[in-house]
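Breakdown of the fold
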Amino acid sequence: MITNFGKVGVLYGGRSAERDISIMSGTGVLEALKSRGIDAHGFDPGQRTLAELAAEKFDCVFIALHGRYGEDGSLQGALEQLGIPYTGSGVMASSVGMDKITTKIIWLSKGIPTPRYATVTPGDDLEKIVAELGLPLIVKPPLEGSTIGITKVEKAEEFEAAVALAAGFDEVILAEEFVTGREFTVAVLGTGKDARALPIVEIVAPQGNYDYQNKYFTDDTQYHCPADLPADLTAEIQKHAVDAYRALGCEGWARVDVLVRESDMRPFLLEVNTSPGMTGHSLVPMAARAVGLSYEDLCVEILRSARCKMVKAQG
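The paragraphs below set out a description of the structure included in this document. (Residues numbered from 1 in each chain as written. Predicted model: local features only at pLDDT ≥ 70, side-chain atom pairs only at ≥ 80, totals over all residues. Heavy atoms only, no water.)

Bringing the overall build of the protein chain into the picture now. The secondary structure content of the protein chain amounts to 11 helices and 13 strands. Rg of the C-alpha trace for the protein chain: 19 Å, near the compact-globule value of 20 Å for 315 residues, within the 12% margin. When the backbone C-alpha atoms are referred to their principal axes, the protein chain occupies close to 55 × 45 × 45 Å. Across the 315 residues that make up the protein chain, the buried fraction comes to 53%. Counting only contacts in the protein chain whose residues sit at least 6 apart along the sequence, the fraction spanning at least 24 positions is 68%. Of the roughly 14,000 Å² that the protein chain leaves accessible, carbon and sulfur atoms contribute 50%. (Helix = DSSP H or I, 4+ residues; strand = E, 2+ residues; numbered from the N terminus. Rg over C-alpha atoms; globule rule 2.2 N^0.38 Å. Buried < 20%, exposed > 50% of the residue type's maximum accessible area, 1.4 Å probe, protein only. Contact = heavy atoms within 4.5 Å. Areas by Shrake-Rupley, 256 points an atom, 1.4 Å probe, with all protein chains shown as cover.)

If you want it as structure tokens, here you go:
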């Protein structure tokens, strides 16, 4: 664990569809680290090269990138090659966590509850998928975040357009059983046996629509932390979140999104975010505040966990 940080790079911006949100996250992290006396500098991989990153000679970096090229393992691999310690999950966990389909396969193998699903490509028999999953269902590009490219399909005739929208982002599309119920998220900090869940946040969006606008740019969405849930259900959800985090090999920090079905209060895990938002509306800082951990101290704790994950060959 790092105690003397040296020169720290905060990586934000990037080239993904979530660039604007990443700039908001990174700006917050940068100011937080500076406020703690850390020699922190912003670096935008969307506008500068890996050669420039190497030339900066950072002692470690805080990854505040979201989406492709920053959260998917590609940048993590470059940092491993450069020998620069970095926050968050390593190459494999980042790559797997970014892919909602692969995540589901692993979770199901470990008995972690997640909604039923089907993979779709344009031209597939959509009627068969509707018959299997029922309506409504959720159609999404499996490698995007921040609700980008997602459609709730309530009528069979809407399915084809939803697939076409998602196909603009990914070649293989995820169609998922729609779970009617309450929406929650669980932040997880730490690594391996030391991983721990923070208090659960409940998300109550206008008309139940927690879309891009309601996530980041309005004050209409309500958040309840700690969530008002029975103690046994709280413990169950937090255990599932930590188990899901460990199953993918995540480390440092992440956020696991959960739905609790209205009919029987059964939880279903949707996805893991291995580089969660750190904006003024973000949920990991909210959960941290509920246990007395300020935004600034949260950033420092995450930075302390920065390391290169690959074991160097001996010889």
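Past the structure itself, the notes keep going.
Side-chain alternation along strand β5 (residues 137-140) places L137 and V139 on one buried face and I138 and K140 on a second face that is also buried. Pairing geometry for β5 and strand β6 (residues 151-153), over three bridges, is antiparallel. Counterpart to L137 in the pairing with β6 is V153. (Pairing = 2+ DSSP bridges.)

Once that is clear, we can look at empty space enclosed by the protein. Evaluated as defined, the whole model comprises two cavities of 30 Å³ or more. The calculated volume of the second largest cavity comes to roughly 50 Å³. In this structure, the second largest cavity is lined by I63, G70, E71, Q76, T87, G88, S89, S94, W253, T274 and S275. Of the residues contributing to the lining of the second largest cavity, the split by class is two nonpolar, eight polar and one charged. (1 Å grid on protein atoms, 1.4 Å probe; cavity = no way out; pocket = protein on both sides within 12 Å on 5 of 7 lines; lining within 4 Å. Points joined across faces, edges and corners; volume = space filled by probe spheres on them. Nonpolar A, V, L, I, M, F, W, Y, C, P; charged D, E, K, R; others polar.)

Before going further, it helps to examine the side chain of T274. Assignment of secondary structure puts T274 in the loop between β13 (267-273) and α10 (283-289). Once residues lying within four places of it in the same chain are set aside, the contact partners of T274 are E71, S89, A93, S94, C250, W253 and A254.

Pairing between the strands of a sheet is mediated by backbone hydrogen bonds and can be parallel or antiparallel. Pairing within the open sheet is parallel, and its three strands lie in the order β2-β1-β3. Either end of the sheet is taken by a strand with one partner, and the two such strands are β2 (39-43) and β3 (60-63). Neighbour-to-neighbour, the strand axes of this sheet turn through a mean angle of 30°, independent of strand direction. Pairing between strand β1 (residues 7-11) and β3: four bridges, direction parallel. Its bridge partner lying in β3, V10 is registered against F62. (Axes fitted to C-alpha atoms, helices over the stretch in contact; angles between N-to-C directions.)

What follows deals with a negative patch on the surface. A cluster of acidic side chains, namely D124, D125, E127 and E132, defines a negative patch on the protein surface. Considering the arrangement of structural elements, one finds D125 in the loop between β4 (117-120) and α6 (126-133). (Patch = residues over 30% accessible without salt bridge, like charges linked within 9 Å, V, L, I, M, F, W, Y side chains within 5 Å. Salt bridge = Lys/Arg side-chain N within 4 Å of Asp/Glu carboxyl O. Lys, Arg positive; Asp, Glu negative; His and termini not counted. Charge placed at Lys NZ, Arg CZ, Asp CG, Glu CD.)

Direction vectors running N to C along α6 and helix α7 (residues 159-167) enclose 100°, while the axes themselves pass 10 Å from each other. The angle between α6 and α7 falls in the class roughly perpendicular. Judged by residue contacts, L126, I129 and V130 of α6 engage F159, E160 and V163 from α7. Residues of the contact of α6 with α7, tallied by class, amount to five nonpolar, no polar and one charged. (Parallel < 35°, antiparallel > 145°, perpendicular 65-115°, else oblique.)

Another aspect to go through is the packing of aromatic side chains. Evaluation of the coordinates by the stated rule reveals two aromatic pairs. Aromatic pair F43 and F58: ring centres 6.3 Å apart, planes at 90°, arrangement edge-to-face. Within this pair, whereas F43 is found in strand β2, its partner F58 is found in the loop between α2 (50-55) and β3, the two being separated by 15 residues in sequence. On the numbers, 5.9 Å between centres and 65° between planes, the contact of F62 with W253 is edge-to-face. (Phe/Tyr/Trp six-rings, centres within 6.5 Å; stacked < 30°, edge-to-face > 60°.)

Moving on: α6. Along α6, the residues classified as buried are L126, I129, V130 and L133. In a view along the axis of α6, the buried residues occupy a sector of 100°, so they form one face of it. For α6, the exposed residues lying more than 90 degrees away from the buried face are E127, K128 and A131. In the core, the buried residues of α6 are packed alongside β4, β5, α7 and β7 (173-177). Residue D125 occupies the N-cap position of α6, its side-chain oxygen lying 3.2 Å from the main-chain nitrogen of E127. Looking at the residues trailing α6, positive phi occurs at G134, about 80°. (Arc of directions from axis to C-beta. Polar contact = N/O pair within 3.5 Å; in protein donor to acceptor, adjacent residues only side chain to side chain.)

This part covers the pattern of salt bridges. Under the defined criterion, the tally for this structure stands at 16 salt bridges. Note that E301 and R196 form a salt bridge whose closest N and O atoms lie 2.9 Å from each other. Here E301, found in helix α11 (residues 295-304), pairs with R196, found in strand β9 (residues 196-197); they are 105 residues apart in sequence, far enough to count as distant. In this structure E301 comes out as partly exposed when scored by relative accessible area, which is 25%. Look at R196 and you get partly exposed, because its relative accessible area is 37%.

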